[in-house]
Amino acid sequence: MNTKTEFIRFALDRGILKFGQFTTKAGRLSPYFFNTGLCADGEGLLRFSQFYAQTLLDYEQANGVKFDMLFGPAYKGITLASSTAIVLAQKGRNLPFAYNRKEAKDHGEGGLLVGAPLEGKVVIVDDVISAGTSVKQAVNWIIEAGAKPAAVLISLDRMERGGTVDAPTDRSAIQEVEQMFGIPVIAGFNLNDLMAYLEDANAGAELAAYRGEVAAYRERYGII
């Protein structure tokens, strides 16, 4: 079982990934939903961060690149960046990390940014990309500090067009981020991986029943 398949299995077992009927932020009726906020205990967060760390290390090895630090946009990115940094340190990669506050602190050390100084090649760590707002702000902070945004690490690439039900765009929010900033978005798994999992006989009859709905959703909203 590869890392992507293990990640999907873990997300299902933990209830982070669910099937049914869910309304997305874009107003679309989706047959599946992914919520990292449900990963809310120490053991679950550790396992989740192990997938993040391994996904990043696999990308480094495959592409011959190195990253210097992690940055987590508030709020979910804070926990994910810090816990991923811990797992990476356990694997021999001790990377600094930083994150932002939602509001600037006017006492103590002050400012919006907390943690290590933004330096070198920075990986932005978040849960998913919807409109890409938090990523765009993070990129601005990184550039202003004189560092270089190098990649974005997320859980799931839904591989669907941006916009709304009535006004869809031609590209996904992830594609827009990649093209706007010239950096890769690295996902733990994507919709194609999820479809392959549902088509596997080992997924079980209960999950296999959703294959048609997910395929229809991809046909209607998927990127080309």
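Please read all numbers here as calculations on a predicted model, not as lab measurements.

Some remarks on the nonpolar core
Ranked by size, the top nonpolar core spans 44 residues in total, and within it Leu17, Phe19, Tyr32, Phe48 and Leu70 carry the most contacts. Sorting elements by how many residues they give to this core places helix α2 (residues 42-63) first, with six residues. For Leu70, the contacting residues outside a window of four places in its chain are Leu56, Ala81, Thr84, Ala85, Leu88, Leu95, Pro96, Phe97, Ala98, Val122, Val123 and Val125. Core analysis: the next-biggest nonpolar cluster, separate from the first, contains 21 residues, Ile124, Ile142, Ile174 and Ala187 among them.

Some remarks on unusual backbone geometry
Residue Tyr75 is bonded to the preceding Ala74 through a cis peptide linkage, with omega at 5 degrees. Within the fold, Tyr75 resides in the loop between β3 (69-72) and α3 (76-90). In this model, Met159 sits at a positive phi of 55 degrees, which is unusual for a non-glycine residue. As for its placement among the helices and strands, Met159 is situated in the loop between β7 (148-157) and α5 (173-181). Judged by relative accessible area, Met159 falls into the buried class, the value being 18%.

Some details on the confidence of the model for the protein chain
Here the protein chain shows a mean pLDDT of 91. Residues at 70 or above account for 95%. Element-level pLDDT for the protein chain is lowest in strand β4 (residues 97-105), with a mean of 80, against a maximum mean of 98 in β3.

Here's the deal with the environment of Leu57
With respect to the secondary-structure elements, Leu57 resides in helix α2. Distance from Leu57 to Lys91, taken between C-alpha atoms, is 9.7 Å for residues 34 residues apart in sequence. Apart from residues lying up to four places away in sequence, Leu57 is in contact with Leu88, Lys91 and Arg93.

About the thresholds
Residues numbered from 1 in each chain as written. Predicted model: local features only at pLDDT ≥ 70, side-chain atom pairs only at ≥ 80, totals over all residues. Heavy atoms only, no water. Core = buried A, V, L, I, M, F, W, Y, C linked by side-chain atoms within 4.5 Å. Buried < 20%, exposed > 50% of the residue type's maximum accessible area, 1.4 Å probe, protein only. Helix = DSSP H or I, 4+ residues; strand = E, 2+ residues; numbered from the N terminus. Contact = heavy atoms within 4.5 Å. pLDDT = per-residue confidence, 0-100.

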